[in-house]
Amino acid sequence: MMNIKSLIVLRSLATLAIAALISGCAVPLFGGYGANGQSREEFEHHVEDIFRLQNQMTSEVMMLLENDEAEKPEALQQAEQHMQKVCADLNEYVSRDIDGLSSGLFLRRRVEKSAIDCEQAAIAIKPLLNL
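In this report, the structure presented in the accompanying data block is examined. This structure is a prediction, so every number in the text was calculated from the model and none was measured.

1. Some details on the nonpolar core
In step 1: In terms of nonpolar packing, the biggest core is built from 24 residues, with M57, L76, M83, L90, I125 and L129 touching the most fellow members.
In step 2: When residues of this core are traced back to their parent elements, those giving at least two are α2 (40-66), α3 (73-86), α4 (88-98) and α5 (105-125).
In step 3: Take this core: its biggest share by element is 8 residues, from α2.
In step 4: Discounting chain neighbours no more than four positions away, the residues touching M57 are M83, A122, I125, K126 and L129.

2. Description of the pattern of salt bridges
In step 1: As enumerated under the stated definition, the model contains 5 salt bridges in all.
In step 2: The salt bridge partner of R110 is E92, with a shortest N-O separation of 3.8 Å. Of this pair, R110 sits in helix α5 while E92 sits in helix α4, placing them 18 residues apart in sequence.
In step 3: Using a relative accessible area of 35% as the deciding quantity, one classes R110 as partly exposed.

3. Observations concerning the environment of R110
In step 1: Through-space distance from the C-alpha of R110 to that of Y93 is 9.5 Å; in sequence the pair is 17 residues apart.
In step 2: Discounting residues that sit within four places of it in the chain, R110 has contacts with D89 and E92.

4. Notes on α4
What sets the pattern is the α-helix's 3.6 residues per turn: residues three or four places apart point alike.
In step 1: When we look at burial in α4, the residues that qualify are D89, L90, N91 and V94.
In step 2: On the buried face of α4, the contacting elements are α2, α3 and α5.
In step 3: Just past α4, the residue G100 takes up positive phi, approximately 75°.

5. Re the environment of L76
In step 1: As for its placement among the helices and strands, L76 is situated in helix α3.
In step 2: Not counting the four nearest positions on each side in its chain, L76 is found in contact with V61, L64, L65, A70, I125, L128 and L129.

6. What about the side chain of S114?
In step 1: Summarising the element assignment, S114 is placed in helix α5.
In step 2: Among the polar contacts listed, one links the side chain of S114 to the backbone oxygen of R110, at a separation of 2.9 Å.
In step 3: Setting aside residues up to four positions removed in sequence, S114 forms contacts with V86 and D89.

7. Considerations on the side chain of Q54
In step 1: Relative to the helices and strands, Q54 resides in helix α2.
In step 2: Ignoring anything within four residues of it in the chain, the contact list for Q54 reads M83, Q84, C87, N91 and A122.

8. Considerations on unusual backbone geometry
In step 1: One non-glycine residue, D68, lies in the positive phi region at around 50°.
In step 2: Secondary-structure assignment places D68 in the loop between α2 and α3.

Thresholds applied
Residues numbered from 1 in each chain as written. Predicted model: local features only at pLDDT ≥ 70, side-chain atom pairs only at ≥ 80, totals over all residues. Heavy atoms only, no water. Core = buried A, V, L, I, M, F, W, Y, C linked by side-chain atoms within 4.5 Å. Buried < 20%, exposed > 50% of the residue type's maximum accessible area, 1.4 Å probe, protein only. Helix = DSSP H or I, 4+ residues; strand = E, 2+ residues; numbered from the N terminus. Contact = heavy atoms within 4.5 Å. Salt bridge = Lys/Arg side-chain N within 4 Å of Asp/Glu carboxyl O. Polar contact = N/O pair within 3.5 Å; in protein donor to acceptor, adjacent residues only side chain to side chain.

As structure tokens, then:
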């Protein structure tokens, strides 16, 4: 049977473990944020740039398709749909931020993991835009 001192020590250790987990949610353990190991501020700016690029590509695709000006409409539409799928976590993150809602650790981690793929999907649309 445990004595009171053991219970207090065990409870303190559990509290420290929970505090470490919670603080670990805000700061990566090694290497920084994203695939390039950026600081949080750099990563947030990069994600913001990716979001703007993705929005720009979506707008341009919509304009070309609405005006029947796309040379390869099927390819353009498929590339845009792929981008939307790859960028879904980023779009959810931004929507939640705009609405003043918490993004949560898991969503932030998914954005971290998918940011480069989202950027590459947006860049892949550029050659299809007839510019």
